[in-house]
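Notes for the structure review
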Amino acid sequence: MTRYLVLARMAALLAASALRAEAPHPASGTSQESVTVTATGPLSDKAIAAFVQSHVTPSQRLGKIARWRNGVCPVTAGLPPEGNLYVSRRIKAIATMVGAPVEAEEACKSNIGIVFTTKPQALLDDIRTRHPFLLGEHDPSQTARLATINRPVQAWYVTETEDMNGARSVDYEPQNNGVDLLDPLCQVGASNGCFTHLPYARESRVEASRLGDGLSSNLFHVTVVVDWNAVQGAEIGPLADYIALLALSEAVLADGCQEVPSIANLMAPDCDAARKPAAITDLDLAYLRGLYRMETAGTLVEQRSQIVYQMKKALDRH
């Protein structure tokens, strides 16, 4: 069974789990169809750099910034059908706006699962028990912390590593059979056959350069859980935009309020209403466009610098 088929079945199970929960009422504004973007005022170079520095999370495996290489295909569950469709289509629309790859067909193999549920911790407990793969690569000692709901909207990321020849492997240890390395000092006829087995290692083609090693991090699957109890009364438009930001980038959304205008402020508890945009902002879109224009094989420092550069270019045109 391919990993993609496994993920498709997991997405179906997530949807079923959400629908078994107490059925939520439609979010206000479910029928909203128009796409809006909140404009931002002039921002300093320092403010843009600080936003990128605080927002970007390097992948666990490579310590680089991950983005989608496969076309994004979101599936949403837990809302009425029109609400589910709106959220999924909005993610695709924003992905198209920023240059991320998108699966054209709605009936595609899902790689982004969004679940609205009144029982988020029960859902996450089920994921931890039956589908720990969806939590992404992490230190096993951190599993309990990782599998705890502590935000109204929360995301978990599975990444994959791509080498300079385009070979990809999912960053999840149980999915990896390891690598057998030849020991050059081994004596012929040794009992181990002159090979050392590294159970969680993988073979990748790299290049030695101060500009990078030729390895890239890709997003492979994203799970977003929305605690319906915590988002009651929220408009579906801004909420969908917030989810899109999580689905298209491996993001850290701080508890504090961003100093710059960002949809990331939507769920920040200490942000007043005036600092919570009604839609995704120019700054957010500039960030995502920079993410999908950066050199994936570069170092983390270079990747951040490229995103900042692209953001400055985009925002200067406004």
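Heads up: the structure comes first, above all this text.
Source: prediction; values computed, not measured.

In this section: the overall build of the protein chain. Secondary structure summary: the protein chain contains 8 helices and 8 strands in total. Counting over 318 residues, the protein chain shows a buried share of 51%. Within the structure as shown, the protein chain displays about 15200 Å² of accessible surface, and the carbon and sulfur contribution to it stands at 53%.

Moving on: the nonpolar core. If you look at soluble globular proteins, the nonpolar side chains tend to sit buried side by side. By size, the foremost hydrophobic cluster in this structure holds 61 residues, and its most contacted members are V153 and I243. Those elements giving two or more residues to this core turn out to be α2 (45-55), α3 (81-98), β3 (112-117), β4 (153-162), β8 (216-227), α6 (236-248), α7 (282-291) and α8 (300-316). With 10 residues, the top contributor of residues to this core is α6. Not counting residues up to four positions away in its chain, the partners in contact with I243 are V87, I91, I114, F116, V153, V224 and V226.

Under the criterion given, the structure shown has 2 disulfides. Here C73 is linked by a disulfide to C108, with a sulfur-sulfur distance of 1.9 Å. Because the sign of the S-S torsion sets the handedness, a value of about 95° for the bond joining C73 and C108 places this disulfide among the right-handed ones. Of this pair, C73 sits in the loop between β1 (67-68) and β2 (74-77) while C108 is found in the loop between α3 and β3, placing the two residues 35 residues apart along the sequence. In this model, C257 is linked to C271 through a disulfide, with the two sulfur atoms separated by 1.7 Å. Measuring handedness by torsion sign, the sulfur bridge of C257 and C271 sits at about 105° and is right-handed. With C257 in the loop between α6 and α7 and C271 in the loop between α6 and α7, this pair connects stretches of sequence that are 14 residues apart. Judged by its relative accessible area of 8%, C271 is buried.

This paragraph deals with the pattern of salt bridges. Summed over all chains, the structure comprises 8 salt bridges. The shortest N-O distance in the salt bridge between D45 and K312 comes to 3.6 Å. Taken as a pair, D45 in helix α2 and K312 in helix α8 lie far apart in primary sequence, 267 residues in all. Judged by relative accessible area, D45 falls into the partly exposed class, the value being 46%. Between E162 and R69 there is a salt bridge whose closest N-O contact spans 2.3 Å. Taken together, the positions of E162 in strand β4 and R69 in the loop between β1 and β2 put the pair 93 residues apart, joining distant regions of the chain.

Let's shift gears to the environment of M311. Relative to the elements of secondary structure, M311 occurs in helix α8. Residues M311 and R289, spaced 22 residues apart in sequence, show a C-alpha to C-alpha distance of 7.6 Å. With near-sequence residues (within four places) excluded, M311 lies in contact with I48, F51, V52, L283, A286 and Y287.

Moving on: the pairing of β8. Across the 12 residues of β8, 12 count as buried, placing the element largely inside the fold. Inspection of the sheet shows β1 paired to β8 by 2 bridges, in the parallel sense. Within the sheet, the bridge partner assigned to W68 lies in β8 and is L219. Here β4 runs beside β8; their pairing, made up of 10 bridges, is antiparallel. Along β8, the bridge assignment pairs V153 with V226.

A word on the packing of aromatic side chains. As enumerated under the stated definition, the model contains 3 aromatic pairs in all. Residues F133 and F220 carry aromatic rings whose centres are separated by 6.4 Å and whose planes lie at 85° to one another, so their mutual orientation is edge-to-face. Linking F133 in the loop between α4 (120-130) and α5 (143-146) with F220 in strand β8, this pair joins segments that are 87 residues apart in sequence. The two residues F133 and F220 agree in class, both being buried.

All right, on to α8 then. A rise of 1.5 Å per residue sets the reference length of α8, with its 17 residues, at 24 Å; its end C-alpha atoms lie 24 Å apart and thus fit the reference within 8%. Where α8 is buried, its residues contact α2 and α7.

End to end, α3 covers 26 Å across 18 residues, agreeing with the expected 26 Å (1.5 Å per residue, within 8%). Once α3 finishes, G99 follows within two positions and takes phi at roughly 90°, a positive value.

Turning our attention to the pairing of β3. Where burial is concerned, most of β3 is hidden: 6 out of the 6 residues are buried. Going residue by residue along β3, you find I112, I114 and F116 tucked away on one face and G113, V115 and T117 tucked away on the opposite face as well. Of the pairings in the sheet, the one linking β2 to β3 comprises 4 bridges and is parallel in character. Paired with P74 across the strands is I112, a residue of β3. Handedness of the crossover joining β2 and β3 through α3 is recorded here as left-handed.

Analysis parameters
- In this numbering scheme, every chain counts its residues from 1 along its sequence in written order.
- In view of the model being predicted, local features appear only for residues whose pLDDT reaches at least 70, and side-chain atom pairs are presented and counted only at 80 or more, with totals across whole chains, interfaces and linings using the full set of residues.
- Hydrogens and water molecules were not included; the side-chain quantities draw on all heavy atoms of the structure.
- Helix and strand definitions follow DSSP, with helices as H or I runs of at least four residues and strands as E runs of at least two, each counted in order from the N terminus.
- Only protein chains enter the accessibility calculation, which uses a 1.4 Å probe; a residue whose area is less than 20% of its type maximum is buried, one above 50% is exposed, and one in between is partly exposed.
- The method behind every accessible area is Shrake-Rupley, applied with a 1.4 Å probe, and residues are considered shielded solely by the protein chains displayed.
- What we call a nonpolar core is a set of buried Ala, Val, Leu, Ile, Met, Phe, Trp, Tyr and Cys residues that are connected through their side-chain atoms within 4.5 Å.
- Any two residues having at least one pair of non-hydrogen atoms within 4.5 Å are treated as being in contact.
- Two cysteine sulfur atoms form a disulfide, by the criterion used here, when they sit within 2.5 Å.
- Here, a salt bridge means any side-chain nitrogen of Lys or Arg that lies within 4 Å of a carboxyl oxygen of Asp or Glu.
- Strand pairing follows a simple DSSP-based rule, namely that at least 2 bridges must link the two strands.
- Only Phe, Tyr and Trp rings take part, Trp by its six-membered ring, and two of them pair if their centres are within 6.5 Å. Stacked means planes under 30 degrees apart, edge-to-face means over 60, and tilted covers everything else.
- Here the expected span of a helix is defined as 1.5 Å times the quantity of residues minus one.
- Here is how to tell: hold the view so the strands point away, follow the path from the first strand over the helix to the second, and if it runs clockwise the crossover is right-handed.

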